[in-house]
Amino acid sequence: MLNITDVTHVYPNGVEALQRLTLRVVRSEITAVVGRSGCGKSTLLRIAAGLQSPQRGSITLNDAPVHGPTSDVSLMFQDAALLPWCTVRANIALPLDLQHRRDTGEVDYMIDLVGLREFAHALPSQISGGMAQRVALARALVLNPRLLLLDEPFGALDAFTRESLTQSVFDICRDAGATVMLVTHSIAEAVFLADRVVVLTPRPGRVAAEIAVGLPLRRTWDLQRSPEFAAIVGEVRDAMK
Ligand SMILES: Nc1ncnc2c1ncn2[C@@H]1O[C@H](COP(=O)(O)OP(=O)(O)OP(=O)(O)O)[C@@H](O)[C@H]1O
Ligand SMILES: [Mg+2]
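Residues numbered from 1 in each chain as written. Chains lettered and ligands numbered in written order. Predicted model: local features only at pLDDT ≥ 70, side-chain atom pairs only at ≥ 80, totals over all residues. Heavy atoms only, no water.

Draft legend 1. Broad picture of the overall build of the protein chain. A count of helices and strands for the protein chain gives seven helices and ten strands. Compactness check: the protein chain gives a C-alpha radius of gyration of 18 Å against a globular reference of 18 Å for 241 residues, within 12% of the reference. Taken along the three principal axes of its C-alpha coordinates, the protein chain extends 45 × 45 × 30 Å. The burial tally for the protein chain puts 52% of its 241 residues in the buried class. In the protein chain, the proportion of contacts linking residues at least 24 apart, taken out of those at least 6 apart, comes to 68%. Put simply, the protein chain has 24 plus and 25 minus side-chain charges, and the middle of one group is 5 Å from the middle of the other. (Helix = DSSP H or I, 4+ residues; strand = E, 2+ residues; numbered from the N terminus. Rg over C-alpha atoms; globule rule 2.2 N^0.38 Å. Buried < 20%, exposed > 50% of the residue type's maximum accessible area, 1.4 Å probe, protein only. Contact = heavy atoms within 4.5 Å. Lys, Arg positive; Asp, Glu negative; His and termini not counted. Charge placed at Lys NZ, Arg CZ, Asp CG, Glu CD.)

Structure below.
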């Protein structure tokens, strides 16, 4: 579905973030991207979303070149990037408003999904960092995008909220047949969520390894205690060394 071919990106200050990176995201699959801090993961997602153009290489979505952002693709940034003057509810409804689409219940559904009913009318300054991340996640999901790009979506959450939200996102994406590229610092989370884990090298980012997860499509948290799960986590860890 998404083809990133031979992409090199150098920032104006001379920092080479990505070097000849080639990566495919297969339709209806969840692809997790892991790698050391600063290896170019966020750069890769911004390029995939059409928000940044690389110096070299090509990006196609369903065989059409990506030149700018489209409503088929939704990106959740690493920092929540909420509009400070809008309520939680209005922030989640924003993608619908921008497309002049009527809210037919999806905003309330998303608010419930991320557990923020009580805070629907709060402003971003009145909620915690983890709540802000949940708002950003709801906003990314509200349009039911064909391709969902998630940058560390669960970073600022406590372990329990993280587990339950990871499971919900996984179930939603599977049920919707959504295609997802997810950046995470947690190897266990990558293996739990993904069909394939792509390991990037330290900066400049290139693909160091691609590991097929091959676990059942329906996954519950208990799976993390199984030897199969531990073996795949070990494989990803070795590839990161
Ligand atoms: N706008 C920018 N201008 C200059 N350099 C940048 C810019 N954005 C990122 N970089 C540099 O590019 C490299 C890759 O950054 P990027 O944010 O893509 O890494 P990352 O893998 O997402 O890191 P982290 O895991 O810490 O979020 C870093 O060395 C960073 O300093
Ligand atoms: Mg990043």
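Draft legend 2. Quick peek at the sheet that holds strand 6 (residues 73-76). Within the open sheet, the six strands sit side by side as 6-7-8-3-9-10. Their pairing is mixed. Edge strands, defined here as strands with exactly one partner in the open sheet, are strand 6 and strand 10 (207-212). Between one strand axis and the next, the sheet turns by 15° as a mean value, whatever way the strands run. Summarising the sheet, strand 9 (residues 196-200) and strand 10 pair through five bridges and their orientation is antiparallel. (Pairing = 2+ DSSP bridges. Axes fitted to C-alpha atoms, helices over the stretch in contact; angles between N-to-C directions.)

Draft legend 3. Region of interest: the sheet that holds strand 1 (residues 2-10). Read across the open sheet, the four strands follow the order 2-1-4-5; overall the sheet is antiparallel. Strands at the two margins of the open sheet, each flanked by one partner only, are strand 2 (16-25) and strand 5 (64-65).

Draft legend 4. Representation of the domain arrangement of the protein chain in the model. Along its sequence, the protein chain is organised into domain 1 (2-72 + 146-240) and domain 2 (80-144). Inter-centroid distance (C-alpha atoms) of domain 1 to domain 2 is 23 Å. Between domain 1 and domain 2, the residue contacts involve 16 residues of the former and eleven residues of the latter. Summed over both partners, the interface of domain 1 with domain 2 comes to about 1,100 Å²; 71% of that surface belongs to carbon and sulfur atoms. Of all residues in domain 1, Leu148, Leu165 and Ile172 give up the largest surface area on contact with domain 2, accounting jointly for 37% of the area buried on that side. Where domain 1 packs against domain 2, one counts zero salt bridges. In this assembly, domain 1 and domain 2 are joined by two residue pairs in polar contact (both at pLDDT 80 or more). Only strand 7 (147-151) and helix 5 (159-176) provide two or more residues apiece to the side of domain 1 that touches domain 2. Among the elements that take part in the side of domain 1 that touches domain 2, helix 5 stands out by supplying six residues, more than any other. Considered class by class, the residues forming the side of domain 1 that touches domain 2 number ten nonpolar, four polar and two charged. (Domains from an automatic or database assignment. Buried area = accessible area lost by both parts, 1.4 Å probe. Salt bridge = Lys/Arg side-chain N within 4 Å of Asp/Glu carboxyl O. Polar contact = N/O pair within 3.5 Å; in protein donor to acceptor, adjacent residues only side chain to side chain. Nonpolar A, V, L, I, M, F, W, Y, C, P; charged D, E, K, R; others polar.)

Draft legend 5. Layout of the nonpolar core. Counting residues in each nonpolar core, the largest one holds 58 residues, and the members touching the most others are Ile92, Val191 and Val197. Setting aside anything within four residues of it in sequence, one finds valine 197 in contact with Ala32, Val34, Ala190, Val191, Ala209, Glu210, Ile211, Val213 and Val236. Formed by 27 residues, the second largest nonpolar core is a distinct cluster that contains Leu44, Ala48, Val66 and Leu75. (Core = buried A, V, L, I, M, F, W, Y, C linked by side-chain atoms within 4.5 Å.)

Draft legend 6. Geometry of the packing of helix 2 (residues 88-98) against helix 4 (residues 129-141). At a minimum axis separation of 7 Å, helix 2 and helix 4 run at an interaxial angle of 30°. With respect to helix 4, the element helix 2 is oriented roughly parallel. Read as a crossing pair, helix 2 and helix 4 show a hand that is right-handed. In this structure, helix 2 contributes Val88, Asn91, Ile92 and Pro95 to the contact, and helix 4 contributes Val135, Ala138 and Arg139. (Parallel < 35°, antiparallel > 145°, perpendicular 65-115°, else oblique. Left-handed = near helix turned anticlockwise from the far one by under 90°.)

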